[in-house]
Amino acid sequence: MNETVVMERQICGRSFLGSPMELIRLGTGKTAVLFCAGFGGQRQSTQLLECFLKDLQDCAQRSLSPVGKINVSWLFSVRSLYFCLKPNPDATDIMEQKLSEDSPFLPRITRLCGKTPLALWSSNGRGVDPGCNFNYRFAQYKSRGVSHPAPFGYCGSFPESEPESACFARLARAIRPRLFVHVTHGQGALAFPNDHAPLKELCMRYAPFEQWHPDFSASPEGWMAQELGTVCLRITADGEKGDYSLLRPLLFALSAY
């Protein structure tokens, strides 16, 4: 049995409403891989990555090689795996009605929500959606998108105007990950660039879902690919339906990308 795997935790920023944004790191290698739950705030994507995080630790402690010949305990010596499990904690708190009744933000949030179900809220407490607040085709997105604060879809006045997106951008610029894996909640699908043969090969070999081609305007994927040259993969999955077991081989393979 190996020694307990060290997991580093730090607060890398705070949301508009002041909730902490935690970053978890496994491994000490120079090459970084960044896993992030969905900016929409749904717990399913967070729970899926939490399963993977625990699985990684268990496999490392037992010196297992879940996929191919890559031993996980060895992997942590050559990779640093970063996990951002709650990139938009405001959305989670609003969806789950966790704001206190005396919160000064609650009346405005209630007004912005209107007849929209709380389950659809993906913005932060200001009414800006941090998942579309990045500097990639931002002007195009803004010209055709929501023009004012709203439960979802409003990209803000300018890129990285929100504490959540600004924090994420600072993190990405600091660690410069080789690969960014964005796990969002929805029907099973993968979005990956066709011009990156290694990633495409991994997805074709291990992926349980079909490829799709979303619009990455104002998204973290579009921005990271353009500014940092990071290879990006978006996975949409419904964690409540046991998608982790289907995605497990792919996630382990991605950790060694």
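Rules behind the numbers
Residues numbered from 1 in each chain as written. Predicted model: local features only at pLDDT ≥ 70, side-chain atom pairs only at ≥ 80, totals over all residues. Heavy atoms only, no water. Helix = DSSP H or I, 4+ residues; strand = E, 2+ residues; numbered from the N terminus. Contact = heavy atoms within 4.5 Å. Buried < 20%, exposed > 50% of the residue type's maximum accessible area, 1.4 Å probe, protein only. Arc of directions from axis to C-beta. pLDDT = per-residue confidence, 0-100. Core = buried A, V, L, I, M, F, W, Y, C linked by side-chain atoms within 4.5 Å. Pairing = 2+ DSSP bridges. Axes fitted to C-alpha atoms, helices over the stretch in contact; angles between N-to-C directions. Left-handed = near helix turned anticlockwise from the far one by under 90°. Polar contact = N/O pair within 3.5 Å; in protein donor to acceptor, adjacent residues only side chain to side chain. Salt bridge = Lys/Arg side-chain N within 4 Å of Asp/Glu carboxyl O.

This part is about the environment of Leu250. Structurally, Leu250 is set in helix H9 (residues 243-255). Through-space distance from the C-alpha of Leu250 to that of Val67 is 8.4 Å; in sequence the pair is 183 residues apart. When neighbours within four sequence positions are excluded, Leu250 is seen to be in contact with Leu190, Leu202, Cys203, Tyr206, Ala207 and Ile235.

Within helix H4 (residues 106-113), burial applies to Ile109, Leu112 and Cys113. Taken down its axis, H4 places every buried residue within 100° of arc, on the same side. Away from the buried face of H4 by more than 90 degrees, exposed residues Pro107 and Arg111 are located. Buried residues along H4 sit against helix H3 (89-95). Following H4 by one or two positions, Gly114 has its phi on the positive side, about 55°.

Attention shifts here to the confidence of the model for the protein chain. On average, the protein chain scores 92 in pLDDT, and the residues at 70 or more come to 97%. Confidence, expressed as mean pLDDT per element, reaches its minimum in the protein chain at helix H2 (residues 72-78) with 88 and its maximum at helix H6 (residues 163-175) with 98.

This brings us to the nonpolar core. Phe83 and Leu254 are the most contacted members of the largest nonpolar core, which totals 42 residues. Sequence-distant contacts of Leu254, that is, excluding residues within four places in its chain, are made with Val33, Leu179, Val181, Leu199, Leu202, Leu233 and Ile235. Judged by nonpolar contacts, the second largest core, of 22 residues, contains Cys84, Ala172, Phe180 and Cys232.

This part is about the sheet that holds strand S6 (residues 189-191). The seven strands lie next to each other as S1-S2-S4-S3-S5-S7-S6, forming an open sheet whose pairing is mixed. Sheet topology places strand S1 (7-14) and S6 at the edges, where each strand pairs with a single neighbour. Neighbouring strand axes in the sheet, compared pairwise and without regard to direction, differ in orientation by 20° on average. Two strands pair when backbone bridges link them, and S1 and strand S2 (residues 20-26) are joined in this way by seven bridges, in the antiparallel orientation. Residue pairing in the sheet places Arg14 in a bridge with Pro20 of S2.

Put simply, H6 and helix H8 (residues 220-228) touch, their axes get as near as 11 Å, and they point 35° apart. H8 is crossed by H6, and the crossing has right-handed handedness. Packed against H6, whose contacting residues are Phe168, Ala169, Ala172 and Arg173, the element H8 presents Pro220, Trp223, Met224, Glu227 and Leu228 at the interface.

Attention now goes to the environment of Glu96. One can find Glu96 in the loop between H3 and H4. Polar side-chain contacts of Glu96 include one of 2.5 Å to the side chain of Arg43.

Before going further, it helps to spend a moment on unusual backbone geometry. The backbone of Glu160 shows a phi angle near 60°, a positive value even though the residue is not glycine. In this fold, Glu160 is placed in the loop between helix H5 (138-144) and H6. In this structure, Ala218 takes a positive phi of about 65° despite not being glycine. Mapped onto the secondary structure, Ala218 falls in the loop between helix H7 (197-206) and H8. Among the residues examined, Ala218 registers a relative accessible area of 0% and is labelled buried.

Close approach of charged atoms allows side chains with opposite charge to pair. A full pass over the atoms with the stated rule returns eleven salt bridges. Taking the shortest distance from any N to any O, the salt bridge between Glu22 and Arg9 comes out at 2.9 Å. A residue pair is termed long-range when its members are at least 10 positions apart, and Glu22 in strand S2 and Arg9 in strand S1 qualify at 13 residues. Assessed through its relative accessible area of 29%, Glu22 is described here as partly exposed. Of the charged contacts in the structure, one is a salt bridge between Glu96 and Arg43, with a shortest N-O distance of 2.5 Å. With Glu96 in the loop between H3 and H4 and Arg43 in helix H1 (residues 43-61), this residue pair connects regions lying 53 residues apart in the sequence. A relative accessible area of 28% means that Arg43 is categorised as partly exposed. Each of Arg43, Glu96 and Lys98 takes part in a single network of salt bridges with overlapping partners.

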